Amino acid sequence: MTGYGQGIVRGLLITLKHLVNTYIDDIRYAGRKYIGDEIFQIRQGPKSQGAYTVQYPDEKIAVPERFRFVPFLVVEDYDHPERPGHDWCTSCGICAKVCPPQCIWIVRGEDPNTGRPIPEPQAFYIDIDICMNCGYCAEFCPFDAIKMDHDYELASYDRTTHHIYDKKKLSKELRYWKSIAPTTALEEMQARGGWEHSDVLKERKKAERAVSSAKTDAQGAAVMTAEAAPAAPASQPETDAEAEKAARLAKREAALARKRERQAHEGEAQS
Amino acid sequence: MNDVMDIITPDAVELDVAAAAAALEARFPRIVRPDTRPGYTGIIVDRNHLVEVARAIRDDLGFDYLSSATAVDYLGISDEMEMVYHAYRTSGGPALVFKAQTPRDDAEIPSLVSVWPGADFQEREAWDLYGIRFPGHPNLKRILMWEGFAGHPMRKDWYEAYYEQEHKPFDSRWPSGHVYRAEERNPYGKNVRYPADFDLSRLTDRSEEALYSGLGLGVDVQELSGEGIATDRLVVNLGPHHPSTHGVFRMVVTLNGETIESLEPVMGYLHRNHEKIGERNTYLHNMPFTDRLDYICSMSNNLGYALAVEHLLSLGARYQPPTYRAEVIRVLMVELTRIVNHLWSIGFLLNDLGAFFTPMLYANNEREKILDIFEATAGSRLMCNYMRFGGVFKDLPERIRGVANLVNDKVRDYNTLDYITEIVNERLPRFLDEYEALLTHNEILKERSIGVGVLPRDKAIAYSASGPLLRGSGVAYDVRRAEPYSIYPELDFDIPVGTNGDIYDRYLVRMQEMRESIRILKQILPRLERTKGEPIMAGKPVHTPRVPLGEAYGRVENPKGELGFYVVSAGDEKGTQNPWRYHVRAPSFINLTPLGLMCRGQKVADVVAILGSIDIVLGETDR
């Protein structure tokens, strides 16, 4: 160490370097500063030098796929051949349960004739003043029906009238989700086994199985008549499934009986 | 006392925790008994002899560091209240947990401030929130709520203004969730209760009276202590709205001229009863709430809470520990967070010292690059909500890539591993060299910080200081080494310490810690490559785990100091969905305990720098 003040001078040289670095890219990309993403990508990347301000709102940093802001509800595309605009939500209520600030309100759909629940929300509200953007609803939804949005520009003039979003305002097409989160949407599709809603896929699979089992039955019958052989192996899984189903039914009956018994006991105890 | 000498020998400071507890039981029969509740550890001390036993714990057994002191209300279970203390040795090792019980009515437990001055704020908090009186406490006032507040809000029979139901999830949300806003049912202004004898019109006078009388002054502070104008004693309020307080924090200082005679921190302006909210929440609900404590370091807050709950879950039969890949990612995130925090805190320290925003913005430039990683991985730059019980939310993405959605969106696209490698191997070391050249030998910085705000080694331990504040005073205590968690035992790093305990040493410790973090990250990178594709979660993600009964204290070395979560699962025999008690041992809060001590005799301008060198975040201080 030599003279007093040397540390300050050295520091000032560093600030000068920062100042110069800030303009180096301007010179290098002279004339192309606001055209295309190339310079933006470099200046906002890990190799950038100097300071560089993003000129919001003239330019914005596109948010990554996993970015999470107030959720939206996925509905079928509006030009879907079978169920255009149909809710993916089945109003199972898991999102309302896992919501930490409890900002999700769901009125479960009911069949107007029988009064039994149907897999479709009658009303769905999110109070966006209360939503803390944690992403649990999207994470734990078993139907991929609620997803976190990327639109963060939600300012409005009156919170008391504008900030409770209803189903109409929350619903967005599946196409939109595919566009803002292509990788995640693809992963989810693979997990479900198709681009359709998991219930639709399940129905389809069931129908296919029915068709194929009918086919194998027919084949089995053909084999039997041809060779008069007992119990074709192809039909074996079918009987297994039936046995399983019977066992399940028996179990359910037993459980119901136990429940009735318990209720009877409770009734006695109360009276 | 002869038999005592037999039981507690000079080697007692070497005894492990179980043996130490046994020694205490032998020495204090009928006063100390083991805590035999399932899932609980430690000992229960008769409250009438608490101070005596605490002295033995500190002096004879060597547990010199009181990490946490907090209360629990067991209304409906044993109908008692309990103070829980976690004492550690600064040489390392697990905690000696001791408790004192008191009836709920007329709750009273002797103060331990005479043994550990670090209990000061924590006992005031217990008085404020639980209504436990601490005879012997020098300054027993409310600390987070205001004087004259009705009731003690953490008691189980106290209900908050917008109370809806004991536990979440609320029944009104599903299946017939007809929406309404809480304010419509209970309008703002009508949501506060006052005690019966409370006179709202005199609120300001009376609440401030208690504060000022604690400083040895009346409300009228214009009296002169000597002749002329030379030695006016004057009370000045620094804050709550003051740019140097890093939030809404207030310091009431008594000045003699330009010199500080006494300083008392006043806090609670950002208080939201985080812990009460935590008790209404399910275990998983709390995770995003921990983000909002120290909002600079949400990743490491998450880790502390996950560790506490994982410890509770491990008491059950079906527990699966986090996978190795999950631990690697956790450490990656936590160490990046440490760098983020220290960049931020050094930047602001320099702001406080008058280097207005130049160092701050240089540091922020680097910080933004790290936040890009967080955003691409966890979905948010600050409120990461990334850790889960048994793992993490999602694996690192293949690419850090934006998706154009809004008008004027500009897309960036980088390979994630290349990006992290570039940051860790090139960018951060280069930046730190430059930052040191900019600051460390700057004469103004040195003059302002060397010998200012000195906290001696013994006082730092006694006042429960933690993090860079403790290490700056020469105590090599770091939870990552003292009681290792995650994969820290297999990582190679050092604990930087200071010698003088002044502002400059704390600055140097933070600088050095960033270098050590880079050293850790360099060891993490090959592990990331090696574990690629391995599961990031043990078992399936569960949103409402049943948590076995018991207590757990999960603590991590947060960038600001030791962050602890004391979580109790009690009540439901099958295991609970909601924590019975959820306490945050906030480093920003407890590190303020020695603030008055450090500021005494300093100048007004130094107070600002001393506060900056402690590095607090009010979201965590006030909870």
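Residues numbered from 1 in each chain as written. Chains lettered and ligands numbered in written order. Predicted model: local features only at pLDDT ≥ 70, side-chain atom pairs only at ≥ 80, totals over all residues.

> How do you make sense of the interface of chain B and chain A when you look at a structure like this?
How big an interface is tends to be expressed through the accessible area that disappears when the partners come together. Contact residues are listed per partner, giving 56 residues for chain B and 54 residues for chain A. With 9 residues, helix H11 (residues 358-378) of chain B is the single largest residue contributor to the side of chain B that touches chain A. Taken together, the 2 bridges between strand E1 (residues 60-61) of chain A and strand E14 (residues 409-410) of chain B define a ladder with parallel strand orientation. Across the sheet, residue Lys-60 of chain A finds its bridge partner in E14 of chain B, namely Asp-409 of chain B. (Contact = placed C-beta atoms within 7 Å. Helix = DSSP H or I, 4+ residues; strand = E, 2+ residues; numbered from the N terminus. Pairing = 2+ DSSP bridges.)

> Looking at this structure, how should I read the sheet that holds strand E6 (residues 233-238) of chain B?
Residue and element names in this part refer to chain B. An order of E6-E9-E10 is seen for the 3 strands of this open sheet, with the pairing classed as antiparallel. Two strands lie at the open edges of the sheet, namely E6 and strand E10 (259-266), each paired on one side alone. Neighbour to neighbour, the strand axes of the sheet diverge by 20° on average, direction disregarded. (Axes fitted to C-alpha atoms, helices over the stretch in contact; angles between N-to-C directions.)

> Where do I start with the domain arrangement of chain B in this structure?
Residues and elements named next belong to chain B. For chain B, the assigned domains read domain 1 (2-130) and domain 2 (274-622). Listed per partner, the contact involves 24 residues of domain 1 and 28 residues of domain 2. When contributions to the side of domain 1 that touches domain 2 are tallied by element, the ones reaching two or more residues are strand E3 (65-73), strand E4 (80-88) and helix H4 (119-130). The element best represented in the side of domain 1 that touches domain 2 is E3, accounting for 6 residues. A breakdown of the residues in the side of domain 1 that touches domain 2 according to their chemical character gives 12 nonpolar, 10 polar and 2 charged. (Domains from an automatic or database assignment. Nonpolar A, V, L, I, M, F, W, Y, C, P; charged D, E, K, R; others polar.)

> Would you mind going over the pairing of E3 of chain B with me for this structure?
Sheet faces and side chains relate simply in a regular strand, where the side chains alternate between the two faces. All names here are of chain B. Extensive coverage of E3 is indicated by the burial of 9 of its 9 residues. Where E3 lies against E4, 8 bridges are found, and the strand directions are antiparallel. Bridge pairing in E4 places Ala-69 opposite Tyr-85. In this antiparallel pair of consecutive strands, E3 and E4, the connection spans 6 residues, and Gly-76 shows a positive phi of 90°. (Buried ≥ 20, exposed ≤ 12 C-beta atoms within 10 Å, placed from the backbone.)

> Looking at this model, I keep getting lost on the sheet that holds strand E18 (residues 581-585) of chain B. Mind explaining?
Strands pair in a sheet through their backbones, by hydrogen bonds, and they do so in one of two ways: parallel or antiparallel. Residues and elements named next belong to chain B. Strand order in the open sheet made by the 3 strands is E16-E17-E18, with antiparallel pairing throughout. In this open sheet, the two strands that pair with only one neighbour each are strand E16 (550-558) and E18. On average, each strand axis in the sheet is inclined to that of its neighbour by 10°, with strand direction left out of account. Pairing analysis gives 5 bridges linking strand E17 (residues 561-569) to E18, with the strands arranged antiparallel. Bridging across to E18, Val-568 finds its partner in Arg-581. Along the sheet, helix H9 (residues 298-313) makes contact with E16 and E17, crossing E16 at roughly 155°.

> What should I look at first to understand the packing of helix H17 (residues 503-530) of chain B against helix H20 (residues 604-614) of chain B in this one?
Helix packing geometry: the angle between the two helix axes and the distance between the axes. All names here are of chain B. Taken N-terminus to C-terminus, the directions of H17 and H20 make an angle of 30°; their axes are 10 Å apart at the nearest point. With respect to each other, H17 and H20 are oriented roughly parallel. Like other packed secondary-structure pairs, H17 and H20 cross with a definite hand, here left-handed. Contacts from Ile-503, Arg-506 and Tyr-507 of H17 reach H20 at Ala-609, Ile-610 and Ser-613. Among the residues forming the contact of H17 with H20, the class breakdown is 4 nonpolar, 1 polar and 1 charged. (Parallel < 35°, antiparallel > 145°, perpendicular 65-115°, else oblique. Left-handed = near helix turned anticlockwise from the far one by under 90°.)

> Which parts of the structure should I look at to understand the environment of Pro-153 of chain B?
Residue and element names in this part refer to chain B. In this structure, Pro-153 sits in the loop between H4 and helix H5 (182-185). Look at Pro-153 and you get partly exposed, because 19 C-beta atoms sit within 10 Å. Along the sequence, Pro-153 and Glu-279 sit 126 residues apart, while their C-alpha atoms lie 12 Å from each other. Those residues in contact with Pro-153, other than ones at most four positions away along the chain, are Leu-129, Met-145, Trp-158, Glu-160, Asn-273 and Lys-276.

> What is the right way to look at unusual backbone geometry in this model?
Trans is the common state for peptide bonds, and a negative phi is the common state for residues other than glycine. All names here are of chain B. Here the amide bond leading from Lys-168 into Pro-169 is cis, since omega sits at -5°, within 30 degrees of zero. Here Pro-169 is to be found in the loop between H4 and H5. Following Trp-174, the chain continues into Pro-175 via a peptide bond in cis, with omega recorded as 5°. Looking at the element boundaries, Pro-175 is found in the loop between H4 and H5. Within the chain, Arg-623 stands out as a residue other than glycine whose phi angle is a positive 45°. Following the sequence through the fold, Arg-623 ends up in the segment after helix H21 (618-622). Residue Arg-623 is classed as buried on the basis of its 26 C-beta neighbours within 10 Å.

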